[in-house]
Amino acid sequence: MKRQFPDRSRRHHRGQALTEFLVLAAALLPLYLLMPMIAKYQDIAAQAEMASRYVTFEAVTRNDAQNSWKTPKELSTEIGRRFFSNTDSSIKTGDVAGNFSANHNLFWRGPGNAPLIADFNRDVAVSFGPEQKPNHADAFTAASDGAPFNGVAGSAIGIHTANELGLGSRGIYTGNVSVQLANLPAGLKMLEPFDKINLAITRHTSVVIDGWQAGRPAQVQSRLDSGLLVPATYLKDAAAVVSGSVALAEAGHISAPRLGQLDFWADVVPVDRLK
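Turning to the overall build of the protein chain, a few remarks are in order. On a plain count of helices and strands, the protein chain comes out with 6 helices and 4 strands. The N-to-C order of helical and strand elements in the protein chain reads α-α-α-β-β-α-β-β-α-α. For the protein chain, the proportion of its 275 residues judged to be buried stands at 30%. Within the protein chain, contacts between residues separated by at least 24 positions form 62% of all contacts whose residues are at least 6 apart in sequence. Here the protein chain displays about 17,900 Å² of accessible surface, and carbon together with sulfur accounts for 59% of that area.

In this model helix 2 (residues 72-83) runs 16 Å from its N-terminal to its C-terminal C-alpha over 12 residues, within 8% of the 16 Å that 1.5 Å per residue would give. Where helix 2 is concerned, the buried positions are Leu75, Ser76, Thr77, Glu78, Ile79, Gly80, Arg81 and Phe83.

It is worth spelling out a nonpolar patch on the surface at this point. Taken together, the side chains of Leu18, Phe21 and Leu22 present a nonpolar region at the surface, about 330 Å² in accessible area. As for its position among the elements, Phe21 is in helix 1 (residues 8-61).

Here the focus is the pairing of strand 3 (residues 172-180). Among the 9 residues that make up strand 3, 7 are buried, leaving the element largely enclosed by the rest of the structure. The pairing of strand 2 (residues 140-141) with strand 3 spans 2 bridges and is antiparallel. Directly across from Phe140, in strand 3, lies its bridge partner Tyr173. Sheet topology places strand 3 next to strand 4 (residues 200-207); 8 bridges connect them, and they run antiparallel. Counted as the bridge partner of Val177 is Arg203 from strand 4.

Time to look at the side chain of His136. Tracing the chain through its elements places His136 in the loop between strand 1 (124-128) and strand 2. Classification of His136 as buried rests on a relative accessible area of 9%. Of note is the side chain of His136, whose polar atom sits 2.9 Å from the side chain of Tyr173. The contacts of His136, once residues within four sequence positions are left out, are Trp69, Lys70, Pro72, Leu75, Phe128 and Tyr173.

Our focus in this paragraph is the pattern of salt bridges. Enumeration over the complete set of coordinates arrives at 6 salt bridges. Between Arg122 and Asp123 there is a salt bridge; the shortest N-O distance is 2.9 Å. With a relative accessible area of 58%, Arg122 lands in the exposed category. The network of salt bridges with shared partners includes Glu58, Lys70 and Glu78.

This brings us to the environment of Ala51. If you trace the backbone, Ala51 turns up in helix 1. Take Ala51: its relative accessible area is 0%, and that puts it in the buried class. C-alpha separation for the pair Ala51 and Val126, spaced 75 residues apart in sequence, amounts to 9.4 Å. For Ala51, the contacting residues outside a window of four places in its chain are Ile79, Phe83, Phe84 and Val177.

Applying the stated criterion across every chain, the model contains 6 aromatic pairs. In this arrangement the basic side chain of Lys40 is found over the ring face of Phe107, its NZ or CZ atom lying 5.6 Å from the centre.

Time to look at the environment of Asn105. The residue Asn105 is located in the loop between helix 2 and helix 3 (120-123) in this model. Residues Asn105 and Phe83 lie 22 residues apart in sequence; the distance between their C-alpha atoms is 9.6 Å. Apart from residues no more than four positions distant in its own chain, Asn105 is found in contact with Phe84, Ser85, Asn86 and Thr87. A distance of 2.9 Å separates the side chain of Asn105 from the backbone nitrogen of Phe107, its partner in a polar contact.

Time to look at empty space enclosed by the protein. A water-sized probe rolled over the atoms picks out the places where empty space is left. Across all of its chains, the model carries 2 cavities of 30 Å³ or more by this definition. Considered as a void within the structure, the largest cavity measures approximately 70 Å³ in volume. If you trace the largest cavity, you find it lined by Lys73, Ser76, Thr77, Gly80, Arg81, Val96, Ala97, Phe120 and Asn121. The set of elements that each furnish at least two residues to the lining of the largest cavity consists of helix 2 and helix 3. Here the lining of the largest cavity takes 5 residues from helix 2, the largest share from any one element.

For the protein chain, per-residue confidence averages 77 on the pLDDT scale, and 68% of positions sit at 70 or higher. In the model of the protein chain, helix 4 (residues 156-165) stands out as the element of lowest mean pLDDT, 60, in contrast to strand 1, which has the highest, 96. Within the model, the stretch residues 149-155 combines pLDDT values under 50 with 10 contacts to residues more than four positions away or in other chains.

The rules behind the values
Residues numbered from 1 in each chain as written. Predicted model: local features only at pLDDT ≥ 70, side-chain atom pairs only at ≥ 80, totals over all residues. Heavy atoms only, no water. Helix = DSSP H or I, 4+ residues; strand = E, 2+ residues; numbered from the N terminus. Buried < 20%, exposed > 50% of the residue type's maximum accessible area, 1.4 Å probe, protein only. Contact = heavy atoms within 4.5 Å. Areas by Shrake-Rupley, 256 points an atom, 1.4 Å probe, with all protein chains shown as cover. Expected span 1.5 Å × (residues − 1). Patch = residues over 30% accessible without salt bridge, like charges linked within 9 Å, V, L, I, M, F, W, Y side chains within 5 Å. Salt bridge = Lys/Arg side-chain N within 4 Å of Asp/Glu carboxyl O. Pairing = 2+ DSSP bridges. Polar contact = N/O pair within 3.5 Å; in protein donor to acceptor, adjacent residues only side chain to side chain. Phe/Tyr/Trp six-rings, centres within 6.5 Å; stacked < 30°, edge-to-face > 60°. Lys NZ or Arg CZ within 6 Å of the ring centre and 35° of its normal. 1 Å grid on protein atoms, 1.4 Å probe; cavity = no way out; pocket = protein on both sides within 12 Å on 5 of 7 lines; lining within 4 Å. Points joined across faces, edges and corners; volume = space filled by probe spheres on them. pLDDT = per-residue confidence, 0-100.

Below you can see the structure in the form of structure tokens.
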């Protein structure tokens with residue numbers, strides 16, 4: 001019987017495959033070790049997005065057209081506590097996130113167990129507008145024609161119409177939230193370049209906060225009760241004379257026309273339907 005020996009070329013190929021695997025594993029190992037950090041960055045980015053929505057939608061109900069703005073300091077304090085501190089914290093008015101372990105999100109920590117958001121007062125910031133300025137007045141991006149309700153672009157009639165209806169013309173409001181993250185510990189090759197990138201995450205949300213709003217039906221009617229919007233309202237002055245003349249001529253058998261009176265067309269919901 002002839003004895004067969006293993007093919008040397010086959011053994012050579014097996015050794016080459018093992019070498020290639022080890023080289024590739026060595027190259028990918030830092031990436032695998034950094035995957036938890038990347039997940040933490042993504043989680044903070046998601047919270048920054050939610051915080052920017054909070055800032056912007058607060059402006060829908062708290063603005064100078066209705067009551068007063070929340071100050072940037074108030075907003076920064078609130079989002080620091082509600083979005084960037086520990087996840088099981090209760091929501092309290094005026095509560096402030098402290099720079100100690102009980103208030104830090106335990107998931108957002110680096111390899112040395114240091115918090116990624118080191119200082120809530122310094123590292124969490126609120127700004128306004130595309131240029132990230134410090135005041136609410138800087139948050140608006142105006143429409144190109146200068147008015148949101150304008151039947152004839154650029155005309156005085158369109159601008160007056162917007163004023164009569166109580167439409168705001170400041171444009172789109174943008175709120176920004178920025179979070180400055182701590183660098184990872186220096187001196188470890190596998191953590192480069194995250195040890196010196198000074199990563200800051202910024203997210204923004206934009207809405208139109210100056211929509212057409214009215215607190216009650218009477219306010220809607222008062223805005224429409226305008227000769228510019230409804231020219232027939234100018235007939236109110238003649239309504240009394242016409243009504244008296246019709247009453248005399250018809251001996252009170254028919255009702256006089258209600259010239260210029262918008263309340264005649266108002267939709268009234270019966271009281272029992274509101275219960």
